[in-house]
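Letter by letter, the chains look like this.
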Amino acid sequence: MPADRPSDANAGASLRSEPGSLLEHVAVAVFGIDDEDRICYWGPGAHDLFGHQAPDVLAKPGAVLFAEPSGDEPGTCSRMAARGRAQGYWRGRLLARHQDGTDFDCGFRVFPVTGVEGRSVVMALASRGDELDRVKTNLVFLDALFERCPIGLVMLDENLRYLHLNQALADMNGLPIAEHLGRRLTEIMITSEGGEYERMLRTVVAEGRTVVGARVGMRTLGHPDRDLVLSVSFFPLTQAVGTRQGVGGLLVDVTDREQAIVEATATRQRLALLDRAAARIGTTLDVVTTAQELVDATVPDFADGAVVELVDWLDEREAFDPALPVMTRRIAHGTVLPAPATELVSGLDVVHYPPGSAVHQMLRTGRPIAVPVNQEFIARTMMDEHRARLMADSGLACLLLAPLIARGTVQGIAMFGRSAARATFTEPDLSLAGELASRAALCLDNARLYSRERDIALTLQRALLPSSLGTSPYLHIAHRYLPGGRVTDVGGDWYDVIALPGDQVGLIVGDVMGHGVSAAASMGRLRITAKALARHHQAPDELVAELDLCAQEAGIELATCLYISYDPASGRARMAGAGHPPPLVLQPDGRTDVIDEVLGVPLGVGGSPFRTTEAQLPDGATLVLYTDGLIETRDRDIDVGLQALRTELARVPESLEAAADQILERLVPSSPADDTVLLLARVHRSRQ
């Protein structure tokens with residue numbers, strides 16, 4: 001290093017530590033001292049610290065930089081350089097002198113280096129003592145802050161991973177500091193606000209915004225059973241060389257002051273679950289579907305697994321006897337836990353509970369209970385050894401059992417299970433489960449009652465429909481009856497084929513408005529009456545008028561019917577209708593005609609006469625009689641449906657049976673909303 005090397009051209013700015021550190025604003029002066037204790041190098045920052053220009057100090061004694069002692073003692077610069085040469089590295093505080101004559105405390109670090117031609121040079125790094133003291137104070141303060149501050153402190157990287165945190169925050173989270181480092185914030189915090197907390201922090205990273213005093217309710221991985229309310233403040237961290245920008249934060253546990261927020265949060269969660277359950281449970285009148293809806297509404301928001309079982313009572317009217325075993329049918333299940341929990345909840349259709357089980361305890365009180373899954377519970381509840389092992393290995397730590405009671409009758413049992421990773425069931429959870437079970441039980445009971453009514457109505461309806469139709473060598477018949485697809489849609493559609501004197505045949509279809517047992521009973525009354533009247537060889541208009549009087553006397557309103565008598569000798573069809581869709585005639589040449597002069601008013605209305613209409617049917621023509629379930633749906637009106645029927649008739653096969661199947665397949669939906677009757681009658685003339 002040449003002694004006369006000018007440094008002015010290279011001195012652009014003070015030498016500083018890398019950006020982002022606490023030393024960023026500490027100026028560092030660099031200069032060199034030769035073997036004769038003269039200044040041989042004047043580096044960046046030296047001018048700012050000492051005030052001398054390079055030409056003024058190069059080759060000058062280093063003593064110019066110090067407040068020299070009095071007397072014959074060696075100069076300060078000589079002593080400093082000697083220590084650097086002797087020790088290889090020396091640091092200390094000395095009294096330096098500025099070019100303007102003022103003295104100031106200065107920190108030095110000196111060490112020898114080999115210059116050009118083997119000459120030794122002592123390099124010195126100098127900074128103002130007050131700036132160094134400020135840095136040391138900051139470091140001491142930060143160390144004490146992270147070690148002793150009762151407020152949670154955290155540093156996160158741009159991906160919200162833990163870089164540094166203090167013990168106070170580790171205690172809040174219930175995990176050691178080491179188990180935080182490198183993990184994402186979402187792996188430690190358990191919140192129920194849909195990710196809003198994480199989005200807030202990402203905004204701090206992305207946009208540099210500061211968050212002050214935000215309230216956050218959460219649980220942590222270390223304390224999954226403890227609700228916390230934290231007051232959090234976050235700020236962006238300055239990006240340093242070689243590092244990425246992150247987030248700094250202060251977190252204060254204000255749970256005690258904000259317990260009302262915790263309780264309100266839990267209440268809102270319970271109410272939200274009840275609202276969701278109310279919307280999801282009971283969408284159909286099917287027992288199995290309703291039970292599964294209860295399971296789906298509670299897993300995983302309320303429990304890690306759930307099952308619904310119906311109790312098989314020998315007699316629902318008998319009081320529950322705790323000395324007898326309880327047998328149930330499992331009709332719904334679900335879990336988010338891995339095997340063997342999946343096999344545990346789904347592996348049985350019929351379940352037996354011995355006397356003394358937790359199920360007996362729950363049924364005896366009629367109230368929900370929570371029980372731990374321990375050896376005592378397993379031994380008293382699980383009769384099968386394999387099932388007992390599944391329960392022990394399932395990961396379930398506690399169960400909540402709730403009776404499904406509606407209208408004073410226990411319909412079944414709902415069981416909810418939680419793993420050890422979640423909080424055990426509390427009193428509010430028992431109340432919530434009771435409310436859920438009560439709502440589900442009412443829906444299940446409605447489904448059960450409607451299923452029973454459907455079975456009764458179908459049984460009655462099928463009993464009242466003709467078991468065999470009248471026959472004639474001059475009439476080929478194909479008939480179909482489809483009940484409605486839902487419980488309340490078992491209606492009063494009916495039909496009959498009646499053998500009349502003189503080889504004549506009567507055809508009749510009808511529809512009693514309404515559903516259920518009442519409609520089926522009214523249908524049976526009208527069908528039997530119509531058959532008796534037809535055998536007295538009444539004219540069609542007279543028969544319909546008598547049916548109208550019968551309907552009025554029986555209180556039957558808005559029933560429809562269509563009656564046709566066919567004479568094979570003449571090929572004449574005489575007909576009368578009461579508000580029923582018109583018959584169609586499929587001609588031998590493929591044309592389809594509508595006979596719409598027979599509409600009339602419905603039975604039971606009264607006050608309007610009925611009339612007989614005649615039509616001549618050629619040999620091989622097909623009469624098409626039906627009810628409105630064939631041509632009318634919620635998204636298709638009668639006119640459109642009638643045209644669709646005519647279109648289908650134009651392409652039906654020769655076989656009447658095949659034709660009936662094809663028409664129903666193409667016109668009736670898979671789950672029809674109403675009963676449907678279709679009667680196809682191909683007529684032939686008799687040979688006189």
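Note: the structure precedes this text.
What counts and how
- Residues numbered from 1 in each chain as written.
- Predicted model: local features only at pLDDT ≥ 70, side-chain atom pairs only at ≥ 80, totals over all residues.
- Heavy atoms only, no water.
- Buried < 20%, exposed > 50% of the residue type's maximum accessible area, 1.4 Å probe, protein only.
- Helix = DSSP H or I, 4+ residues; strand = E, 2+ residues; numbered from the N terminus.
- Contact = heavy atoms within 4.5 Å.
- Phe/Tyr/Trp six-rings, centres within 6.5 Å; stacked < 30°, edge-to-face > 60°.
- Lys NZ or Arg CZ within 6 Å of the ring centre and 35° of its normal.
- Pairing = 2+ DSSP bridges.
- Axes fitted to C-alpha atoms, helices over the stretch in contact; angles between N-to-C directions.
- Salt bridge = Lys/Arg side-chain N within 4 Å of Asp/Glu carboxyl O.

For the rest of this paragraph, the subject is helix H11 (residues 358-365). Ala 358, Val 359, His 360, Met 362 and Leu 363 are the residues of H11 that are buried. Looking at the buried positions of H11, the neighbouring elements they touch are strand E13 (326-335), strand E14 (350-353), strand E15 (369-372), helix H12 (375-381), strand E16 (396-406) and strand E17 (409-419). Backbone geometry just downstream of H11 places Gly 366 in the positive-phi region, at approximately 70°.

Moving on: unusual backbone geometry. Following Val 299, the chain continues into Pro 300 via a peptide bond in cis, with omega recorded as 10°. With respect to the helices and strands, Pro 300 occurs in the loop between helix H9 (287-298) and strand E12 (305-311). In this structure, the amide linkage connecting Ala 339 to the following residue, Pro 340, adopts the cis form with an omega of 10°. Secondary-structure assignment places Pro 340 in the loop between E13 and helix H10 (341-346). We note that Asp 37 has phi near 60°; this positive angle belongs to a residue other than glycine. Tracing the sequence through the fold places Asp 37 in the loop between strand E1 (29-33) and strand E2 (39-42). In this model, Ala 59 sits at a positive phi of 75°, which is unusual for a non-glycine residue. Inspection of the secondary structure assignment puts Ala 59 in the loop between helix H2 (54-57) and helix H3 (76-87).

Any two aromatic rings considered together are summarised by their centre-to-centre distance and by the angle between their planes. Following the criterion strictly, the structure yields 9 aromatic pairs and no others. With a centroid separation of 6.5 Å and 85° between ring planes, the pair formed by Phe 31 and Phe 108 is classed as edge-to-face. Pair noted here: Phe 31 is in strand E1 and Phe 108 is in strand E4 (residues 103-114), with a separation of 77 residues, a long-range link. The same class applies to Phe 31 and to Phe 108, which are both buried. Here a set of aromatic residues connected by ring pairs shows up, and it is made of Phe 31, Trp 42, Phe 50, Phe 66, Phe 104 and Phe 108. Above the ring of Phe 104, the side-chain terminus of Arg 128 is found at 4.8 Å from the ring centroid.

What follows concerns the sheet that holds strand E20 (residues 505-512). The 5 strands are arranged E19-E20-E21-E22-E25 in an open sheet whose pairing can be described as antiparallel. Edge strands, defined here as strands with exactly one partner in the open sheet, are strand E19 (492-499) and strand E25 (613-616). Along the sheet, successive strands turn relative to each other by an average axial angle of 15°, direction set aside. As paired elements, strand E22 (residues 572-578) and E25 share 4 bridges and run antiparallel to each other. Paired with Arg 574 across the bridge in E25 is Glu 614. Across the sheet, helix H16 (residues 540-554) is in contact with E20, strand E21 (559-567) and E22; its angle to E22 comes to roughly 25°.

Our focus in this paragraph is the pattern of salt bridges. Taken as a whole and assessed by the stated rule, the structure comprises 30 salt bridges. A salt bridge links Arg 183 to Glu 187, with the shortest nitrogen-to-oxygen separation between them at 3.6 Å. Taking the relative accessible area as the measure of exposure, Arg 183 reaches 25% and is therefore partly exposed. Its salt-bridge partner being Arg 591, residue Asp 589 comes within 2.9 Å of it at the nearest N-O pair. Under the relative-accessibility criterion, Asp 589 is labelled exposed at 53%.

All we've got here are geometric facts, nothing functional implied.
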